[in-house]
Structures are given as structure tokens and as C-alpha cells.
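# Chains, contacts and geometry: an overview
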Amino acid sequence: MAARQDPPANPRLDEAARAGWLYYIAGNTQDQIASTLGISRQSAQRLVSLAVSEGLIKVRVDHPIANCLDLAARLRKRFTLDLVEVVPSDPNSTSTTLGIAEAAAGEIERRLRSEEPILMAIGTGRTLKAAIEQLPPMDCPQHRIVSLTGNISPDGSAAFYNVIFTMADRIKARSFPMPLPVIASSAEERAMLLRQPMIQTTLALAERPDITFVGIGDLGPKAPLFQDGFITEQELKALQKAGGVAEIVGWVFDRDGRLIEGIINERVASAPIPSREQSLVIALAKGENKLPGIMAAVNRRLVNGLITDERTAESLLDA
């Protein structure tokens, strides 16, 4: 199997290539393809036919997305993940959101198109913000969106990368923000804030979402928690010394996926990361700086879904 290097230009052909790969290479039935892509069986059949008529299917899937699909299948098998999407890498870009933000927006939109009510949990971060900003206006009164993180910065202003309000404005669904600081000033303050009845309602929702989208923040010199003013340089160094490699909605963990004791974790006001037994928890992340965190998250089942790019996928498989 091989892929051309020219970038895809037609979203319909992208879907046809995906359906063709699932049918001819992965051996899925049309019913399985329909379930995977969230479409009807008839639409799946038409996509497979389109892949053939457009010449995408020969002995291989002759399309740039073919390598991505192969990497996704290998990641899914290697780390026992329930959902993986790999997007093409742009060798000339240093962006940490390009490609995966668009893919995440597509996945979020696909879920929101469902007529069946769903409860969606949302984290925070640059990639999620970039994804939410690409959602089309939608009217989704049947769905509920709950934030996993507080939305107040240390100076009292609104946290810039908290996306719950942007999302609520775009999709017209019932939304449940977490009106708390991202990190409390003390463990005692955190405990007091989390006891409030309004917060208890939001935390209860955050325990049982149907699907969850989160970012993974690294703990390097430009760690988002540090750059955005939520932790000090001294706290960042303490987390690094304690073995911290990354964070999800503020919870810092080490290479083995274990939460770091003390330092800031005792003050994080976020809801716990939803259970992977009850929710599809999808991480959006790519790049060399995030590799240790992504590896820990997928290897130790902090998440059971991943949207990333080719270079990151290859690095994960080579690790």
C-alpha cells in the first residue's frame, strides 16, 4: 500500500478513500463502515462505489489518507484504543494544532449531528479552542455540554483557552461551565469550592459523559500551564523534578500515567478525567514536546481515543 504525496482537496473523496480503505484493506463490512463513519449503510455503499469509480481503489488506496489510515489502525491495535484518527503532517509547519484541530472539529460536529441526546465533556487548550472555532453554527437543544475545567485565571479574568462559552454560542446546546479558578490557592479552598451545590451538579455531569474531548499539555519550558500564568516557574520545576511529563485538564501525571502527588494536583479544581469504562475520552495532541505525555496517556489508558498526525503516530509506534 502506498500514497501519493499531493494533499487532499476534496472532502468527499477523503471520505470515499476512508470507506474504501475500511472495506478493501481493513475488511470491514458496509454496516461496520456505516457505524465507524456515523452514516447510513446506503451512504457507506455509495462511498465505497465512489472510491472505485474515482480510481482511488486499485491494488492499494491511492490517496494521501491511506498512510494515515494504516497508522491509525496500528495505533488502535498497539494501544487498545477505541478511536484513532491520524492526519497528514505538513513538514513545513511548526503548528501544534494544524490538521488535528480540523479533524477534531469534524469528529465533534459528527457527534453533535446525532438526533439522540448526548452528554459531551470538554477540556481546554489551544487545540480544542482551534477546533471549536471551526464548528459551523448548529442548533442542538437535545445535547448537553459540560466543562471539565474552571474558567477563571489567577488574576480573576476569564481563562482564554476555556472553550465552553464559545461552544455554547456556536451550537445552541445546554452548557454547564465550571465557575471556578483553574487552580485554587490552597487545598482547603479547593475543597470548599467543590462543596458548593451548583458545582456539585456540574461535577456529577462530568462523571458520566458519553464522549469527552481533551488536550494534552506538555511540561517543558513553554508549558501551557506556565505560559498562561496558572503556575509559577518554581512550581513547574518542582513538577518536572517529581517526574511530571504532561497534564490533562490541569492534572499532572508522570511517564507511567500516575498523578503527581501534591505540588499543584491537590489544588486543581478540574473534574477528574472521565472514566474510560463509561466514556470515549479522545485526546487531541501532536508534536515532539508532547510525545512523553501522549505515550503515557495512551499506554496507561488515561484516554481511549486519539487524534494526532503522521509524524507523532510514527514516533509512538517506534517508541
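Everything here concerns the structure above.
As a starting point, this report considers the structure included with it. Predicted, not measured: the structure shown is a model, and the values here were computed from it.

### As for the sheet that holds strand β6 (residues 217–218)
The strand order β6-β7-β8 describes an open sheet built from three strands, whose pairing is antiparallel. A single partner strand is all that each edge strand has here, and the edge strands are β6 and β8 (251–254). The sheet contact formed by strand β7 (residues 244–248) and β8 spans four bridges and is antiparallel. For Ile 248, the partnering residue across the bridge sits in β8 and is Trp 251.

### Considering the pattern of salt bridges
Under the definition given, this model contains 14 salt bridges. With its nearest N and O atoms 3.3 Å apart, the salt bridge here joins Lys 129 to Glu 133. Classification of Lys 129 by relative accessible area gives buried; the value is 15%. Using a relative accessible area of 39% as the deciding quantity, one classes Glu 133 as partly exposed. Note that Asp 254 is salt-bridged to Arg 258, the shortest N-O span being 3.5 Å. What emerges from the salt-bridge pattern is a single network uniting Asp 254, Asp 256, Arg 258 and Arg 300.

### Brief notes about unusual backbone geometry
For Ile 263, which is not a glycine, the phi torsion comes out positive at approximately 55 degrees. Inspection of the secondary structure puts Ile 263 in the loop between β8 and β9 (280–284). Classification of Ile 263 as partly exposed rests on a relative accessible area of 29%. The phi dihedral of Arg 301 is positive, around 60 degrees, even though this residue is not glycine. Looking at where Arg 301 falls in the secondary structure, it is placed in the loop between α12 (291–299) and β10 (305–309).

### Here's the deal with the packing of aromatic side chains
Tallied over the full model, the rule gives one aromatic pair. Ring geometry for Tyr 23 versus Tyr 24: centroids 4.9 Å apart, planes at 85 degrees, classification edge-to-face. Judged by its relative accessible area of 33%, Tyr 23 falls in the partly exposed class.

Basis of the calculations
- Residues numbered from 1 in each chain as written.
- Predicted model: local features only at pLDDT ≥ 70, side-chain atom pairs only at ≥ 80, totals over all residues.
- Heavy atoms only, no water.
- Pairing = 2+ DSSP bridges.
- Helix = DSSP H or I, 4+ residues; strand = E, 2+ residues; numbered from the N terminus.
- Salt bridge = Lys/Arg side-chain N within 4 Å of Asp/Glu carboxyl O.
- Buried < 20%, exposed > 50% of the residue type's maximum accessible area, 1.4 Å probe, protein only.
- Phe/Tyr/Trp six-rings, centres within 6.5 Å; stacked < 30°, edge-to-face > 60°.

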